[in-house]
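Structure assessment
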Amino acid sequence: SHYFRICFLDPFQGTVLANFAKDKFSASKAYCLAKQGDDYSVGLCNYFMEAFGKDNCVYETFPEGTSDYSSYVTNAKNSGAQVFFAPVSTEAAALIIDQAATQSLGMPMLAGDTWDSNVITAAAKGKDVDVNVTTFYQEGGNPEFDAGIKEWINADATNLTNNNGNDEVAAVTVMGYDAYYVALEALKAAGSPDKAAVKAALPSLTYTGVSGDIAFDSVGDAVRDTAYIKHSTNANAWELETVQKAS
């Protein structure tokens with residue numbers, strides 16, 4: 001079997017977040033927190049630290065079953081860091097955000113695409129925290145697309161229901177849209193719906209989608225140079241912060 005995927009990968013995401021920490025917050029030291037044995041958070045912390053500079057990072061892990069994150073927030077405050085990076089699960093994130101607000105963390109919080117969730121906006125609502133997240137798209141990134149997809153959603157009650165009863169543009173919606181058009185471009189390039197022809201056309205395919213420029217490497221993973229970064233308004237919503245380059 002073969003796959004081609006258009007989502008960005010963690011080496012890219014970690015680099016983008018490290019660059020954002022330096023570019024946006026002029027950070028020279030970072031506190032990084034992961035869950036022991038968790039490939040995603042440990043891996044993303046490692047990629048972030050590689051790009052940021054491991055000597056300029058304080059790294060800690062917490063064990064399975066942790067529910068009290070007060071000591072980690074305290075350690076972050078005492079570390080001299082200017083950013084708090086914790087690409088952990090939404091369940092842990094909500095508790096960390098609570099503790100950050102309780103202790104007045106005093107530095108921006110950064111995370112990857114797992115925090116692209118209404119669990120995070122709900123946790124941050126009304127709190128004095130600065131939450132910034134990398135994602136595949138955020139409403140406002142392409143106003144023309146936003147207007148068109150909102151019109152389509154609002155024109156049909158079923159579409160509106162399937163979009164959780166509102167016309168907010170989710171990153172997964174945009175990724176599905178782009179994936180469809182990448183597949184369509186592959187069919188055009190192949191000149192045939194033949195499976196082998198489409199597979200042969202995909203490796204050299206390039207496409208500019210709503211979520212950015214899309215191409216594939218030798219194993220079918222996406223080659224990307226940008227990610228969307230959004231931050232919580234602390235009023236149960238996200239807003240676009242910037243479109244950040246990896247290099």
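Residues numbered from 1 in each chain as written. Predicted model: local features only at pLDDT ≥ 70, side-chain atom pairs only at ≥ 80, totals over all residues. Heavy atoms only, no water.

**Things to note about the overall build of the protein**
For the protein, the helix and strand inventory stands at nine helices and ten strands. For 247 residues, the compact-globule formula gives about 18 Å, and the C-alpha radius of gyration of the protein, at 19 Å, lands near that figure. Its C-alpha atoms give the protein principal-axis dimensions of about 60 × 40 × 35 Å. Counting over 247 residues, the protein shows a buried share of 45%. Of all intrachain contacts in the protein linking residues separated by at least 6 positions in sequence, the fraction that spans at least 24 positions is 67%. Here the protein has roughly 11,800 Å² of accessible surface; of this, 49% comes from carbon and sulfur atoms. Computed over 16 positive and 31 negative side-chain charges, the inter-centroid distance for the protein is 3 Å. (Helix = DSSP H or I, 4+ residues; strand = E, 2+ residues; numbered from the N terminus. Rg over C-alpha atoms; globule rule 2.2 N^0.38 Å. Buried < 20%, exposed > 50% of the residue type's maximum accessible area, 1.4 Å probe, protein only. Contact = heavy atoms within 4.5 Å. Areas by Shrake-Rupley, 256 points an atom, 1.4 Å probe, with all protein chains shown as cover. Lys, Arg positive; Asp, Glu negative; His and termini not counted. Charge placed at Lys NZ, Arg CZ, Asp CG, Glu CD.)

**Points about the nonpolar core**
In a soluble, globular protein the nonpolar side chains are often hidden away together inside. Among the nonpolar cores identified, the biggest contains 43 residues, and Cys32, Phe48, Phe52, Phe85, Leu110, Tyr137 and Val182 are the most heavily contacted of them. Elements that contribute at least two residues to this core include exactly α1 (10-25), β1 (30-35), α2 (39-52), β3 (83-85), α6 (143-154), α8 (171-190), β7 (212-216) and β9 (226-232). When residues in this core are grouped by element, the largest group, six residues, is from α1. Ignoring any residue separated from it by four or fewer positions in sequence, one finds phenylalanine 48 in contact with Gly14, Leu17, Ala18, Ala21, Ala30, Cys32, Cys57, Phe85 and Leu110. The next biggest cluster of nonpolar side chains, apart from the first, holds 29 residues, and it includes Ala86, Ala93, Val129 and Val133. (Core = buried A, V, L, I, M, F, W, Y, C linked by side-chain atoms within 4.5 Å.)

**Considerations on the side chain of serine 117**
Position of serine 117 relative to the elements: it lies in the loop between β4 (109-111) and α5 (118-124). We classify serine 117 as buried; its relative accessible area is 16%. The contacts of serine 117, once residues within four sequence positions are left out, are Thr90 and Trp238.

**Side note on the sheet that holds strand β2 (residues 57-62)**
Remark on secondary structure: sheet strands pair via backbone hydrogen bonds, oriented parallel or antiparallel. The sheet built from seven strands is open, its strands ordered β2-β1-β3-β4-β5-β9-β10 with mixed pairing. For this open sheet the edge positions go to β2 and β10 (238-245), each flanked by a neighbour on one side alone. Strand after strand, the sheet turns through a mean of 25° between neighbouring axes, direction not considered. Sheet analysis places β1 next to β3, joined by three bridges and oriented parallel. Its bridge partner lying in β3, cysteine 32 is registered against phenylalanine 85. Against the sheet, helix α4 (residues 90-102) touches β1, β2, β3, β4 and β5 (131-135), its axis set at about 170° to β4. (Pairing = 2+ DSSP bridges. Axes fitted to C-alpha atoms, helices over the stretch in contact; angles between N-to-C directions.)

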